[in-house]
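# Notes for the structure review
For reference, the chains in residue letters:
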Amino acid sequence: MKVLVIGSGAREHALCRALSLDPHVTALHCAPGNAGIAQLAELHPVDALDGKAVAALAEELGAGLVVVGPEAPLVAGVADAVREAGIPCFGPSGQAARLEGSKAFAKDVMAAAGVPTARSYVCTTPEEAETALDAFGAPYVVKDDGLAAGKGVVVTDDLEAAKAHAAACERVVVEEFLDGPEVSLFAITDGETVLPLQPAQDFKRARNGDEGPNTGGMGAYSPLPWAEPKLVDEVLATVLQPTVDEMRRRGTPFSGLLYAGLAITSRGVRVIEFNARFGDPETQVVLARLKTPLAGVLLAAADGTLADLAPLRWSEEAAVTVVLASHNYPGAPRTGDPITGLDEVEAQDAPHAYVLHAGTRRDGDAVVSAGGRVLSVTATGEDLTQARDRAYTAVARIHLDGAHHRTDIALKAASGEQ
């Protein structure tokens, strides 16, 4: 099978890495890709938001499967254009991707499906937002209704900061604060059958101790030694399957990757948000543990045959990924800085640790930074302690001027805490 992956981040590099290890994949292409993905796949320049261009490229390549990585092309209907060209596509339709594209729409679906989530108000004026903030009190949770690359959420005790974020957005969802640890659970679905993957936990704040501004994610780990063994089955029954059933009932079946961001609260599991694609950086650790070849699973979701698939096989090992971010991220990042040490990681740390590229590009013989989150340094080990040690050993070999990373990814979990 020839596979075309759409996107250019570390999530897409993780997908390409997993697909490259699948013996059924005879050719791997990525558009537009990055400097790291270029080592695994043939790159093609394409506007990822242009469905016709993506479909035309897939036809030209003779692709047997297209995998759309990022949320923006999915919300723009790129998967629809690919399917209209008669090519199997992993990723929801533009209508179904509204589960991520609109927080208000997702809340409506959850209410209809009886999915447990935070109480909320949808606000379109500063006055409505102020009333909602007063109703819930601190900590204040304010979410941009639309896509914001993981950075549209403000959680703060500062009422003025909460009001300012609401005022800066066209429409916001103001929610009650959910206590307890957060969990990311992915599920692959063909619109009927739902196949949950292994849970992961990511770290949204920029600095150690969950301090600093929200980011797209600074690291992740899997498995979660502190989580209840029945967690996945419970979330499948109360969140994932009811949501997929409700989307099908509405005439907009959801096929692809349904990502549930969850809070394990004192009152039980609650959904924080849905995403319509693999999450970054959780994908890096989840796919590091998946032993079942990936292409067949994604194709089964695309062609509606997930029910026929054998149970997924998982490694007992743990995985940790640490994000190396550029100077000033999550503000306007500095780009164009050379990255060194990548060859040393390959020579000294493989196969237990490896580097997945996010915001990188080639500049002659050099690899340089090209975005806010630049690299995801990923490692596996017998347990979280060993995986952490291997990841941070590899991070220490890499130099990027002005870069920063968290040093506490999976630290609490490795020592038996949540």
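Up top is the structure.
What follows is about the sheet that holds strand 5 (residues 89–90). Taken in spatial order, the five strands of this open sheet run 3-2-1-4-5, and their pairing is parallel. Each end of this open sheet is capped by a strand with a single partner; those strands are strand 3 (42–43) and strand 5. Of the strand pairs in this sheet, strand 1 (residues 2–7) and strand 2 (residues 27–32) are connected by six bridges, and their pairing is parallel. Looking across to strand 2, one finds that Lys2 is bridged to Ala27. The sheet contacts of helix 1 (residues 10–20) involve strand 1, strand 2 and strand 4 (65–68), and relative to strand 1 the element is tilted by about 170 degrees. The sheet contacts of helix 2 (residues 51–61) involve strand 1, strand 2 and strand 4, and relative to strand 1 the element is tilted by about 155 degrees.

Here the structure, examined in full by the defined rule, presents five aromatic pairs. Here Phe186 and Phe278 contribute two aromatic rings whose centre-to-centre distance is 5.8 Å and whose plane-to-plane angle is 85 degrees, an arrangement assigned as edge-to-face. Of this pair, Phe186 sits in strand 10 (residues 182–189) while Phe278 sits in the loop between strand 17 (268–275) and helix 10 (282–289), and the two are 92 residues apart along the sequence. Taking the relative accessible area as the measure of exposure, Phe186 reaches 1% and is therefore buried. A ring pair is formed by Phe203 and Tyr221, whose centres lie 6.1 Å apart and whose planes are at 45 degrees; its orientation type is tilted. With Phe203 in the loop between strand 12 (201–202) and strand 13 (205–207) and Tyr221 in strand 15 (residues 219–222), this pair connects stretches of sequence that are 18 residues apart. The residues Phe203 and Tyr221 share a single accessibility class, namely buried. By the ring-pair criterion, three or more aromatic residues cluster together here, those being Phe90, Phe186, Tyr259 and Phe278. When the ring centre of Tyr354 is taken as origin, the NZ or CZ atom of Arg17, which lies over that ring, is 3.7 Å away.

Below, the discussion takes up the sheet that holds strand 17. In sheet architecture, strand pairing relies on hydrogen bonds along the backbone and comes in two forms, parallel and antiparallel. If you trace the four strands from one edge of the open sheet to the other, you get 11-10-16-17, paired in antiparallel fashion. The sheet is open, and its two borders are formed by strand 11 (194–196) and strand 17, each paired with just one other strand. Each strand of the sheet is rotated relative to its neighbour by a mean of 35 degrees, with strand direction disregarded. Of the pairings in the sheet, the one linking strand 10 to strand 16 (residues 256–265) comprises eight bridges and is antiparallel in character. Bridged to Ser184 within strand 16 is Gly261.

Another aspect to go through is the pairing of strand 17. When you tally the buried positions in strand 17, you get seven out of eight residues, the bulk of the element. Looking at chain direction, strand 16 and strand 17 are connected through seven bridges and run antiparallel. Within strand 17, the position partnered with Ala263 by the bridge is Arg270. Where strand 16 hands over to strand 17, the hairpin turn is made up of two residues, counted between the paired strands.

Before going further, it helps to spend a moment on helix 1. With nine of 11 residues buried, helix 1 lies mostly within the body of the structure. Buried residues of helix 1: Ala10, Arg11, Glu12, His13, Ala14, Leu15, Cys16, Ala18 and Leu19, and no others.

For the rest of this paragraph, the subject is the nonpolar core. Counting residues in each nonpolar core, the largest one holds 77 residues, and the members touching the most others are Leu4, Val66, Leu99, Tyr221, Phe274, Val320 and Ile398. Tallying contributions element by element places helix 9 (residues 231–249) first for this core, with seven residues. Among all residues touching Phe274, those that are not within four sequence positions of it are Leu99, Glu100, Ala106, Met110, Val239, Thr243, Leu258, Tyr259 and Ala260. Within the second largest apolar cluster, 42 residues are counted, among which are Ala18, Phe278, Ala301 and Leu312.

Moving on: the pairing of strand 2. For strand 2, the tally of buried residues reaches five of six residues, placing the bulk of the element in the interior. As defined by bridge partners, strand 2 adjoins strand 3 across two bridges and the pair is classed as parallel. Bridge pairing in strand 3 links Cys30 to Leu43.

Before going further, it helps to spend a moment on the pattern of salt bridges. Enumeration over the complete set of coordinates arrives at 21 salt bridges. Two residues, Asp401 and Arg334, come together in a salt bridge whose shortest N-O distance is 2.9 Å. Pair noted here: Asp401 is in the loop between strand 24 (399–400) and helix 14 (411–414) and Arg334 is in the loop between strand 18 (318–325) and strand 19 (338–340), with a separation of 67 residues, a long-range link. Connected through salt bridges with shared partners, the residues Arg11, Glu12, Glu71, Glu100 and Arg277 form a single ionic network.

Across the interface, helix 7 (residues 126–136) lies against helix 8 (residues 159–168) with an axial gap of 10 Å and an inter-helix angle of 145 degrees. You can see that helix 7 and helix 8 cross each other, and the crossing is right-handed. Between helix 7, through Ala129, Glu130 and Leu133, and helix 8, the contact on the second element is made entirely by Leu159, Ala162, Lys163 and Ala166. Residues belonging to the contact of helix 7 with helix 8 are distributed by class as follows: five nonpolar, no polar and two charged.

Right, let's talk about the state of the cysteines for a bit. For the structure on display, the rule yields zero disulfides. Between Cys89, a cysteine without a disulfide, and Cys30, which holds the nearest cysteine sulfur, the sulfur-to-sulfur distance is 14 Å.

Running from amino to carboxyl end, helix 6 (residues 103–113) crosses helix 9 at an angle of 105 degrees, the nearest separation of the two axes being 9 Å. As far as their axial angle goes, helix 9 and helix 6 are roughly perpendicular. The segment helix 6 lies against helix 9, with Phe105, Val109, Ala112 and Ala113 engaging Pro242, Thr243, Glu246 and Met247. Its residues assigned to classes, the contact of helix 6 with helix 9 shows six nonpolar, one polar and one charged.

Reading the values: rules and limits
- Residues numbered from 1 in each chain as written.
- Predicted model: local features only at pLDDT ≥ 70, side-chain atom pairs only at ≥ 80, totals over all residues.
- Heavy atoms only, no water.
- Pairing = 2+ DSSP bridges.
- Helix = DSSP H or I, 4+ residues; strand = E, 2+ residues; numbered from the N terminus.
- Contact = heavy atoms within 4.5 Å.
- Axes fitted to C-alpha atoms, helices over the stretch in contact; angles between N-to-C directions.
- Phe/Tyr/Trp six-rings, centres within 6.5 Å; stacked < 30°, edge-to-face > 60°.
- Buried < 20%, exposed > 50% of the residue type's maximum accessible area, 1.4 Å probe, protein only.
- Lys NZ or Arg CZ within 6 Å of the ring centre and 35° of its normal.
- Core = buried A, V, L, I, M, F, W, Y, C linked by side-chain atoms within 4.5 Å.
- Salt bridge = Lys/Arg side-chain N within 4 Å of Asp/Glu carboxyl O.
- Left-handed = near helix turned anticlockwise from the far one by under 90°.
- Nonpolar A, V, L, I, M, F, W, Y, C, P; charged D, E, K, R; others polar.
- Disulfide = S-S within 2.5 Å.
- Parallel < 35°, antiparallel > 145°, perpendicular 65-115°, else oblique.

Purely geometric numbers; function is a separate question.
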